[in-house]
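Tertiary structure, described
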Amino acid sequence: MSSGDIWIIGASMTPFGRFPDRDLIDLAADAALDALNDAAIAIGDVNILAMGNVYEANSHNGQRLQKQIGQTGIPVYNVVNACATGATAARVAIMSIKAGESDIGLAVGVEKMGKMGLIGGAAKKRDARKVYRPSGRYGSVLKTEGVLGTGIMPGVFAQAGTEYALANGVTAEHFAKVAVKNHEHSVLNPLAHYRKKFSLEEVLASDVIAYPNTLPMCCPNTDGAAAIVVVSDARLARMDPDVRRRAVKISASVLTSDPWVEGGQVQPDVSTLTRQAADAAYAEAGVGPADLDLVELHDCFATAELLHYDNLRLCEPGGAGDFLDSGAPWRDGTTPVNVSGGLLSKGHPLGATGIANIYEVATHLRGEAGDRQISGARVGLTHVIGLASACAVHVLEARAS
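Residues numbered from 1 in each chain as written. Predicted model: local features only at pLDDT ≥ 70, side-chain atom pairs only at ≥ 80, totals over all residues. Heavy atoms only, no water.

1. Examining the overall build of the protein chain
Broken down by element type, the protein chain carries 13 helices and 11 strands. Computed over its C-alpha atoms, the radius of gyration of the protein chain comes to 21 Å, within 12% of the 21 Å expected for a compact globule of 401 residues. Projected onto the principal axes, the alpha-carbon positions of the protein chain cover approximately 65 × 50 × 40 Å. Among the 401 residues that make up the protein chain, the fraction classed as buried is 55%. Within the protein chain, residue pairs in contact and separated by at least 24 positions form 77% of the contacts whose partners lie at least 6 positions apart. Accessible surface, the protein chain: about 17000 Å² in total, of which carbon and sulfur atoms supply 50%. The positive charge centre, built from 35 side chains, and the negative charge centre, built from 43, are 7 Å apart in the protein chain. (Helix = DSSP H or I, 4+ residues; strand = E, 2+ residues; numbered from the N terminus. Rg over C-alpha atoms; globule rule 2.2 N^0.38 Å. Buried < 20%, exposed > 50% of the residue type's maximum accessible area, 1.4 Å probe, protein only. Contact = heavy atoms within 4.5 Å. Areas by Shrake-Rupley, 256 points an atom, 1.4 Å probe, with all protein chains shown as cover. Lys, Arg positive; Asp, Glu negative; His and termini not counted. Charge placed at Lys NZ, Arg CZ, Asp CG, Glu CD.)

2. Considerations on the pattern of salt bridges
Side-chain pairing between opposite charges can occur once the charged atoms of the two side chains come close. Taken as a whole and judged by the stated rule, the model has 14 salt bridges. The partner of R366 in a salt bridge is D38, and the shortest N-O contact between them spans 2.7 Å. Here R366 is found in the loop between helix 13 (350-365) and strand 10 (379-386), whereas its partner D38 is found in helix 1 (residues 24-38), with 328 residues between them in sequence. A salt bridge links K181 to E305, with the shortest nitrogen-to-oxygen separation between them at 2.8 Å. One end of the pair, K181, is in helix 5 (residues 172-186); the other, E305, is in helix 10 (residues 302-311), and 124 residues separate them in sequence. On the basis of relative accessible area, K181 is assigned to the buried category, the value being 0%. A cluster of three or more residues bridged by salt bridges with shared partners is formed by D38, R246, R366 and E368. (Salt bridge = Lys/Arg side-chain N within 4 Å of Asp/Glu carboxyl O.)

3. Notes on the environment of A28
Tracing the chain through its elements places A28 in helix 1. You can call A28 buried: its relative accessible area is 0%. Residues contacting A28, with those up to four places away along its chain left out, are M51, L65, V108, V110 and A225.

4. Overview of the state of the cysteines
Scanning the model with the defined rule gives 0 disulfides in all. Between C315, a free cysteine, and C391, which holds the nearest cysteine sulfur, the sulfur-to-sulfur gap is 16 Å. For C315, a relative accessible area of 13% puts it in the buried group. (Disulfide = S-S within 2.5 Å.)

5. Section: the nonpolar core
A general feature of soluble globular proteins is that nonpolar side chains tend to end up buried together. Ranked by size, the top nonpolar core spans 52 residues in total, and within it L306, Y309, L312 and L314 carry the most contacts. At 6 residues, the largest contribution of residues to this core is made by helix 9 (residues 272-285). Those residues in contact with L306, other than ones at most four positions away along the chain, are Y164, V170, H174, F175, V178, A320 and L324. One finds A28, A31, V76 and V231 within the second-largest nonpolar core, a separate group that totals 33 residues. (Core = buried A, V, L, I, M, F, W, Y, C linked by side-chain atoms within 4.5 Å.)

6. Looking at helix 1
Helix length check: helix 1, at 15 residues, gives a terminal C-alpha distance of 21 Å against a target of 21 Å (1.5 Å per residue), a fit within 8%. Here helix 1 has its buried residues at L24, I25, L27, A28, A29, A31, A32, A35 and L36. Looking at the buried positions of helix 1, the neighbouring elements they touch are strand 1 (6-13), strand 2 (48-52), helix 2 (61-69), strand 4 (104-111) and strand 7 (224-232). By the N-cap criterion, in which a side-chain oxygen at the helix start approaches the backbone nitrogen of a residue two or three places on, helix 1 is capped by D23, the distance to I25 being 3.1 Å. One or two steps after helix 1, the chain reaches A40, where phi turns positive at roughly 60 degrees. (Expected span 1.5 Å × (residues − 1). Polar contact = N/O pair within 3.5 Å; in protein donor to acceptor, adjacent residues only side chain to side chain.)

7. Looking at the packing of helix 5 against helix 10
The geometry of helix 5 relative to helix 10 is characterised by a closest axis approach of 8 Å and an angle of 100 degrees between their N-to-C directions. The orientation of helix 5 with respect to helix 10, classified from their angle, is roughly perpendicular. Of helix 10, the residues touching helix 5 (which contributes H174, F175, V178, A179, K181 and N182) are A302, T303, E305, L306 and Y309. Split into classes, the residues belonging to the contact of helix 5 with helix 10 amount to 6 nonpolar, 3 polar and 2 charged. (Axes fitted to C-alpha atoms, helices over the stretch in contact; angles between N-to-C directions. Parallel < 35°, antiparallel > 145°, perpendicular 65-115°, else oblique. Nonpolar A, V, L, I, M, F, W, Y, C, P; charged D, E, K, R; others polar.)

Shown next, in the form of structure tokens:
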């Protein structure tokens, strides 16, 4: 086992948007080479490559990336874990260093989503007649989707938000305020897919996707890539002083999946695994929610962000609405959340998102976030959740002066 801390010495993110003329590997190569350059190393210095991607996960993308940036014979891990794919790839590199197998790792996340639909039902061949007989793992006669809950993302997070709202006095306007905040934050992020403000009235009046989420309260399908270079404490000590000065410590790296809960047999539970990941990360890092200077959390829908204020212990139990109303999660608040614009504006290229969140927080902790910089940021948290489900939480800290 390796002893000592693990550090981020290189971090990069491509612009997020739609790039019809660039393929998956082009985007991944841009992010990887930029991260290596940021770390002042070459691919020949890297001991392990972890490559995260969802929609082309069967294409050996890590090896394809090597052919573009350098084939050095190192271990390559191709990672897929729903929306937590990028963060899981980062953990693969981190765990390799912790195991003492590597001292420098490269983690890359990438996705090409274009304008693909979400449900895709129109493309499926319909049977000429319905046949009602038990089939499948659970012996169902009919599909349970929409009858016993839903597994489709807009519905899952709409239902979770509605349950929280009814229990805690939250309104549709609260959820809309999340979108207003994140779209306003995105104006300062040159890498965001969308950089446009919306008024509360515009958000509420937009087309409803899954109540209470309207269109501006839902993340867009996006192309993009992000990458980080991580090193052991011992390796960092031998590096250039400027690399050491800009290094960001990974104080906690936690991955959870769904524990059994009664309601989880009907509706995916997006809360319990996040609470458990957050609690474990705070314990591992030796910090608490009050110590956080900024948070990048998984706001795939506006309802999700508000839920995760509570799940990440950023507010008192049941107090997410009051936390939002207090102004705490805005750029100038006590706990800025999704200063990047979040998934709602920055975009959500599934395989890249987890690493992009790490990039954002690391950039603030280095004091290099430009117009959106959170002054004096020293400690930050990143969070992603993918249905199935997987949740990753990382706590990052700036290097002591």
